[in-house]
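Report on the structure
Spelled out from the first residue to the last, the chains are:
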Amino acid sequence: KYFHPQPFYFFFWVLPLMTIPWLPFFVLAIYERIKALSVSSKIVTVSPLTTFALAWLIVPLVFFSFSGSKLPGYILPAVPAAMILTAEYIWRFIQKNQFRANLVQCIALATFVTVTAFLVFAVPHFAETDSVKSLIAAGDESGMPDAEVLSLNMISHNAEFYASGRLLRSADGKQKKLFGPYDVLKEIERRDGKPVLVLVPLEYLRQLTEYEHLRTKVLKDNGEVAIAQVFAE
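What counts and what doesn't
- Residues numbered from 1 in each chain as written.
- Predicted model: local features only at pLDDT ≥ 70, side-chain atom pairs only at ≥ 80, totals over all residues.
- Heavy atoms only, no water.
- pLDDT = per-residue confidence, 0-100.
- Helix = DSSP H or I, 4+ residues; strand = E, 2+ residues; numbered from the N terminus.
- Phe/Tyr/Trp six-rings, centres within 6.5 Å; stacked < 30°, edge-to-face > 60°.
- Buried < 20%, exposed > 50% of the residue type's maximum accessible area, 1.4 Å probe, protein only.
- Patch = residues over 30% accessible without salt bridge, like charges linked within 9 Å, V, L, I, M, F, W, Y side chains within 5 Å.
- Areas by Shrake-Rupley, 256 points an atom, 1.4 Å probe, with all protein chains shown as cover.
- Salt bridge = Lys/Arg side-chain N within 4 Å of Asp/Glu carboxyl O.
- Pairing = 2+ DSSP bridges.

We now examine the confidence of the model for the protein chain. Residue-level pLDDT values for the protein chain average 89, and 94% of them are 70 or greater. Per-element mean pLDDT across the protein chain ranges from 82 in helix H6 (residues 123-130) up to 96 in strand S3 (residues 196-201).

In structure tokens:
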């Protein structure tokens, strides 16, 4: 329904990736917990905190694995549980000697510096290209704050937040995807010639700008998608 099909095991490799750079410790923690469940294991009894973290981890992981539509964000609630298991393992790991303690502290410091730099210099760019927020704002500032927003050769789910109540929808309530400038023209004609705002991937923008029956003014693009005012000629 939401165009994000993935195999059943999708989250079983996505969740470990979410623990980077502590991935090796997370894998060892899970291995140790599995080993502790075996009858022949000599490992000490699992603590109540660990039992709670395991339950916290497994429930969303398994539950969302049955979903036909999958995105990494679905299992974000399981990440704190993964880090509890990882932190508990690391605590026991550094008790062995001072070198291990120093190693973990260096990793932690490097992680903090790297993440801070990424948030300052890289995240704003990725956020801009992954969202239509600034595009919808550009459309509103152009003097069309109430215009209907059409989607040409794309569907933007985050447009649900930034253009709420203005998106073109099909009879079943889903966003309607248009497949060419002729479809855009027909939607304008259905509105008695009122102009519309159109979200369109950059590779399809020329379909609008070169269509003789439409007048198109490109307002802004985010590197992947553009928004344009479109009028019928």
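More follows now that the structure is in view.
Two aromatic rings are characterised by how far apart their centres lie and by the angle between their planes. Scanning all chains against the criterion turns up 13 aromatic pairs. Ring geometry for Phe11 and Tyr74: centres 6.3 Å apart, planes at 45°, overall tilted. Highlighted residues: Phe11 in helix H1 (residues 10-17) and Tyr74 in the loop between helix H3 (48-65) and helix H4 (79-94), separated in sequence by 63 residues. A centroid spacing of 5.8 Å and a plane angle of 50° characterise the contact between Phe64 and Tyr74, whose relative ring orientation is tilted. On the criterion of sequence distance, the pair formed by Phe64 in helix H3 and Tyr74 in the loop between H3 and H4 is long-range, its members being 10 residues apart. Owing to a relative accessible area of 25%, Phe64 belongs among the partly exposed residues under this scheme.

On the surface, Phe8, Tyr9, Phe12, Trp13, Leu17, Ile20, Ile58, Val62 and Phe66 cluster together into a nonpolar patch covering about 940 Å² of accessible area. It is H1 that provides the largest number of residues to the nonpolar patch, a total of three residues. Residue placement: Phe12 occurs in helix H1.

Side chains Val149 and Ser151 of strand S1 (residues 149-152) all project onto a buried face; the interleaved residues Leu150 and Leu152 project onto the opposite face, where all are buried too. Two strands pair when backbone bridges link them, and S1 and S3 are joined in this way by three bridges, in the parallel orientation. Looking at S3, one finds that Leu150 is bridged to Val198. Pairing between S1 and strand S2 (residues 177-178): two bridges, direction parallel. Looking across to S2, one finds that Leu152 is bridged to Leu178.

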